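Here's the letter readout for the chains.
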Amino acid sequence: MQKKLAASFLVVALLYLVVGAAIPRLQPDPFWGASLELSLDLAIGLGAAFLVSRRLTRRLRDLAAATAVISAGDLTRRVETRGTDETAELARSFDAMVASLLAVLAEVRTTSERVAESAGSLSSATAEVNAATEEIARTAEAIADGADEQARQVAETTATTRSLAESTGRVAERSRSVLQAASSAAARSADGAEQARHAASGIGDLSTRTARVAQSVEGFRVRAGEIGKIVTFISTLSHQTHLLAINAAIEAVRAGEGGRGFGIVADEVGRLADNVRGFAEQISTLSAEITQDAARVADGIRASVESAERVRRDVDRSAASFDGILEAIRGAADRAGEITRLTDEQRGAADDVTRALERIQRIAADNAAGTEQASDATLGQTRSMHAMTSRAHDLASASDQLRRLIATFRTG
Amino acid sequence: MDMARYLDLFLAESAEHLASAEATLVALEGAPDDGDALRRLFRHVHSLKGMAATMGFADMVGVAHALEDLLDLFRGCGAPRALLAYLTLAWEALACLGRIVDAVREGRPGRDGAAAPLARRLRETAASLADLVASRPPLASPAPVQAAPLPSPRVRIPRRRGFRVELDLAPDMLPDSAGAVRLVRALGDLGEVVHLTPPLPLGPDPSAGARMALVVLTDLDPTDLGTRFEALGRVRRFTLEPVARPAPLADLRPTPAHYVRVRADLLDALMQSAVELTLAQGSLAASVADPETARLAERCRRVLAAHHETLMELRLVPFETVAHRLTVGVQDLAKRLGKTVQFTIAGREVRLDRSVLDALVEPLLHVVRNALDHGVEDLETRIDRGKPGPGTIRLTLARSHDRVRVTVEDDGRGLDPEALRRTAIARGFLTPQEADRLGDDEAFALVTLPGFTTALERTEVSGRGVGMDVVRDAVEALGGRVRIRSRLGTGTTIEMDLPQTLAVIQALVVRSAGTLYAVPISAVDRTLALDPARTRRIDGRTFLDTDRGMLELGSLAARVGAAHSGDVGATAAALLSSEPGAGGVLVDEVLGRREILVRPLDAPLRALRSFTGAAILEDGSTALVVDPAVMGRMPSPL
Amino acid sequence: MATDGGPLLTFRLSRSAYGLPLATIAGVAEPIACRPVPGAPRAVLGLAEWRGCLLTVVDLAALLHETPGHGPATLVRLAPPLDRTALLVGAAVRLEPAGDDGVTRLDPAAVLARLEAEIVSRGGETSDAA
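This structure is a prediction, so every number in the text was calculated from the model and none was measured.

The rules behind the values
- Residues numbered from 1 in each chain as written.
- Chains lettered and ligands numbered in written order.
- Predicted model: local features only at pLDDT ≥ 70, side-chain atom pairs only at ≥ 80, totals over all residues.
- pLDDT = per-residue confidence, 0-100.
- Helix = DSSP H or I, 4+ residues; strand = E, 2+ residues; numbered from the N terminus.
- Axes fitted to C-alpha atoms, helices over the stretch in contact; angles between N-to-C directions.
- Parallel < 35°, antiparallel > 145°, perpendicular 65-115°, else oblique.
- Left-handed = near helix turned anticlockwise from the far one by under 90°.
- Contact = placed C-beta atoms within 7 Å.
- Nonpolar A, V, L, I, M, F, W, Y, C, P; charged D, E, K, R; others polar.
- Pairing = 2+ DSSP bridges.
- Buried ≥ 20, exposed ≤ 12 C-beta atoms within 10 Å, placed from the backbone.
- Core = buried A, V, L, I, M, F, W, Y, C linked by C-beta atoms within 7 Å.

Novice: Which residues make up the confidence of the model for chain A, and what values go with them?
Specialist: Taken residue by residue, chain A gives an average pLDDT of 77. The fraction at 70 or more is 94%. When pLDDT is averaged over each helix and strand of chain A, the minimum, 76, is found for helix α4 (residues 260–406) of chain A and the maximum, 81, for helix α2 (residues 30–71) of chain A.

Below, the structure written as structure tokens:
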């Protein structure tokens, strides 16, 4: 505060100096200059005093307002503590006092809540113990009832187990006959597989023979093609002969009268060549047809070879599936044997169960007697538990009262 | 004695003598008056006889001896031409000798069944001829090469006489040539038939067999002969004429000329079939795998090559056939001009292709007459200049390989190179500078420029050379060149270098755009591998930088009108035209130089201007012969 | 185009039947390989070597603006003076003593003269290919 005051003073002094120096330059007239200087100095002095006093009173007013609020019970209110002057010192001490008060109140409230809680839980614990004791009493009765029921059921179970053992015996009997049937089926399947293999090799022979036929048909076709070639050659020859005949006829014409006879011969040769060509064409057509037919036959044979091959593959597959059946039958027989063995074991186990059940019946009767004694002890316990419950209720209402009291303070 | 060695010697020498004897006999057929040839033939036969005697081949000795005697008879009487009638016999004898030599070569005994009868026939013929020779007067042969000594007295002369017989045959035996053969056999019983027309075997042509003419040597007298002919039954009519005089004997062969006239088209046909044979042989040889057959094919090839050459020779005509025309032409002009001139022709025997000779006669006549007209001075001038009074014009022909050089030389006033230069300048042919650079020989060549000689004619120095441009055109059209040499005041020489034949030319076979062409060598200056670094392409036109300057090239295929092939391959080459200033053509490949037989193109292709003909190459493919003008032709705008 | 009567070599092209007088023919043969001649009209198939002769082979069908008929093609060599020219006939040929009314008689010389005139009119050096 002192520093601020000193600073204010320095500022005012500086302003005075500034005014004193500036006025004579601005207003050369000495009278007006002195008047102006005086009024300005006065204004500066008043302004500085106002600013300083206003700052001091505002802080003290704030502190008083805070004290009023806190005394009304609101401990959450804080006061302005900034600054280094005496007012700030006072505010800080006040603030520390409120904080201590707040801490004490929080401690009390926590403690009273804990007491109320303990009283609640004590009362609920006694209630639970009560309920449990009642439950035990009810259970003891139920056990007594259940033991009877149990004895009855064990007797029933024993009877059922006996009938199970009997039916298991029958299953074992049947499994044995399945086993027998399976072995005869296996024998028949083996036969079937054998026959399928026979069939397959027979079909294989057939397709080999067919392939041989196909080969000879192919050879036939090739030869027919050769005939075609030869015929083509004959056609070429006859064409050449035809041309030669024409040439001969031309020569004959050139020879004039003397060539007439020659011309006739040339004509004959030409006609012959034409005939040969005609025949050659016929043969060519025939041979083409033969080639085509042979090709068709070859195609048919190829198809039949292929289908025989397919059949052979099918038969092979069926032989294989006979093998599969055999395998499956053998598996079934094995399993039937297994079942027989298991059912035998099962019957033994059922007998054991029956014996165990008879033992259980005896123990259940012993249990029923024990349970009645326990039920009596439980009733005494229930009574003391009720007394404890009323004490717990008292404690709980006291801690409630304390909690309400603390709640009058605002703490957060 | 090492017989094997002698046998080899015998085989080698006898083969040589036989070949020479055959060649000589061929020569004698062409020139029966050649006494030298007859003497050579005699010597060969004599040598054969001696060799055969050494080796002890009796049959060979017998035949050779008899032939020798017969030849000696002709040699002795100096009338070798008469031998013509007995050529068949001589050929038979040589064939027989050849057979014996072949037999010896193949390890068989040196004998021949036909030898003994043949020797007998030879002896008999010689004997009967000796009879005739003895009774003949001195021979009046046109130019007896050899003085005719009297016949050798060694020959025994039997009492035989010759008769010329003409028979008209009965038509019923025709056209059966076998009947005719039987008839001649029957005639043979009468005596020796030495000449028969037509010769056996009779052709299928029946009309030829209706008449027969023969000369028969017989002991029988004419009356007896007549009865025998009548007895033959097949003869309808006959005439008998004794041939005791030698003149009819000489007439037996009515073509005493040195050369046989042959129809040119027949020669062409023969040539064609020869080419066909060569081609067929080529494909035969290519398809033969068997070594023995291959050897035979090779033998065929050699024979065919010789045959081909002979045929080419056949087309050749001796210059002599036109010599007379030239002589007459010169003497006519000399008479008209009042000049005396000695015109000589050397090398008359040089032969040229008929077509070359035909095309040459007129230009040659022109040159010779020019020499007389403008070259040879009149008598006074010649005497003034100290020259002999009669002028001399010498025409010389010389053959070298397949070219013939024709030279016309005169001892006239010669050409004045200075005057020629002056005229060239005056007529605007040359600038004075160009004329100065011109050598004398080049100055003489000026007279072959079109229009130049007409200019000369008007000047005082008419010299000679009028119409020389025409001469040059003709010679160059034949694939030849003209060269003129002269010495002022001494004389002028005109040389013409010509191909011997026209039909066969040297050509480059090239490929352009997949087609084969033959470019005449004469049209090509040289071939160049196409160097990209020296090739320029300007506006799609191709130029080649050569030492002749930038020359424009065009694809040969494009120039002859085929579709343009685009780019040329790696083997591309340029053919530069031999025409100065002209460019050249590009081809894809040069296959090589070939000698080709040019065949003219026929209708309708003869209208194509790019080709002068076509040729068949050895492998049977055809190549079009490019007109030389195509080489320099500007490429047609694409 | 007509010539006097006499035997004919007849053949049938796509549109009509033709006959060549036997007197104009040197012989018939099977077709041979030709080498084309640049610049020649399309109807000229080219040059071929036939037994040592050079033959100019002309496609008759093309010349007559026809297309080939049935049967194997035949090479018809012409008689002198056209003996170095052959016509390729794209059809089977046969001999007939005299032409029927339906047969067009051809004169080879006239047909070829027309072709030659065609070449000449084009200056002898242009070509169909250009």
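Novice: So what's going on with the packing of α2(A) against helix α3 (residues 86–255) of chain A? Which residues, and what values?
Specialist: All names here are of chain A. Following both chains from N to C, one finds α2 and α3 inclined at 15°, their axes separated by 10 Å at the closest point. As judged from the angle between their axes, α2 and α3 are roughly parallel. Taken as a pair, α2 and α3 cross one another with a handedness that is left-handed. Of the residues in α3, those touching α2 at R59, L60, L63, T67 and I70 are T87, L90, A91, F94 and V98.

Novice: Outline the interface of chain B and chain C, supporting the account with residue identities and numerical values.
Specialist: Opposite the 27 residues of chain B that make contact, chain C presents 28 residues. Mapped onto the side of chain B that touches chain C, the elements with two or more residues apiece are α9 (264–287), β21 (611–616) and β22 (622–626) of chain B. Per element, the largest residue contribution to the side of chain B that touches chain C is five residues, and it comes from α9(B).

Novice: Any chance you could break down the interface of chain A and chain C for me, citing the residues and the numbers?
Specialist: Facing the eight residues of chain A at the interface are 13 residues of chain C. Take the side of chain A that touches chain C: its biggest share by element is seven residues, from α3(A). Across the side of chain A that touches chain C, the residue classes tally to five nonpolar, three polar and no charged.

Novice: Give me the lowdown on the sheet that holds strand β11 (residues 491–499) of chain B, citing residues and values where you can.
Specialist: Residues and elements named next belong to chain B. A sheet is described by the order of its strands in space; here five strands give the open sequence β6-β8-β9-β11-β10, paired in mixed fashion. Only two strands of the sheet have a single neighbouring strand rather than two, namely β6 (341–346) and β10 (481–487). Averaged over all pairs of adjacent strands, the angle between strand axes in this sheet comes to 10°, irrespective of strand direction. On the sheet, helix α11 (residues 320–337) packs against β6 and β8 (391–400) and is oriented at approximately 170° with respect to β6.

Novice: Please give an account of the environment of C:A73 that cites residues and values.
Specialist: Residues and elements named next belong to chain C. With respect to the helices and strands, A73 occurs in the loop between α1 (60–63) and β6 (74–78). C-beta crowding within 10 Å serves as the criterion here: with 17 such atoms nearby, A73 is assigned to the partly exposed category. Note: C-alpha distance between A73 and V89 (16 residues apart in sequence) is 5.6 Å. Apart from the residues lying within four places of it in its own chain, the contact partners of A73 are P31, P68, L88, V89 and G90.

Novice: Break down the sheet that holds strand β19 (residues 584–587) of chain B for me, with residues and values.
Specialist: Residues and elements named next belong to chain B. What the six strands build is an open sheet, ordered β14-β18-β19-β17-β16-β15; its pairing is mixed. A single partner strand is all that each edge strand has here, and the edge strands are β14 (524–529) and β15 (535–538). Going from strand to strand, the sheet's axes swing by 35° on average, the running direction of each strand aside. With four bridges connecting them, β15 and strand β16 (residues 541–546) associate as antiparallel partners. Among the inter-strand pairings, T535 is bridged to a residue of β16, identified as L544.

Novice: Describe the nonpolar core, with residues and values.
Specialist: Among the nonpolar cores identified, the biggest contains 91 residues, and A:A249, B:A518, B:V519, C:V58 and C:V76 are the most heavily contacted of them. Here this core takes eight residues from α3(A), the largest share from any one element. Among residues more than four places away in sequence, those in contact with C:V76 are C:L9, C:L20, C:I25, C:V28, C:A86, C:L87 and C:V89. Counting residues in hydrophobic clusters, the runner-up holds 40 residues, among them B:L357, B:L360, B:F452 and B:V475.

Novice: How would you summarise unusual backbone geometry if you had to cite specific residues and measurements?
Specialist: For B:A513, which is not glycine, the phi torsion reads 50° and is therefore positive. Summarising the element assignment, B:A513 is placed in the loop between β12 (504–512) and β13 (515–520). One non-glycine residue with positive phi stands out, namely C:H65, at about 55°. Here C:H65 lies in the loop between α1 and β6. We classify C:H65 as exposed; it has 9 C-beta atoms within 10 Å.

Novice: Before we move on, can you summarise the packing of α9(B) against helix α10 (residues 291–314) of chain B with the specific residues and values?
Specialist: Residue and element names in this part refer to chain B. Their axes nearest at 10 Å, the elements α9 and α10 cross at an angle of 160°. Between α9 and α10, the interaxial angle falls into the category roughly antiparallel. Here the hand of the crossing between α9 and α10 comes out left-handed. Contact residues: L267, L270, M271, A274, L277, T278, Q281, L284 and A285 in α9; A294, A297, C300, R301, L304, H307, H308, L311 and L314 in α10. Across the contact of α9 with α10, the residue classes break down as 13 nonpolar, four polar and one charged.

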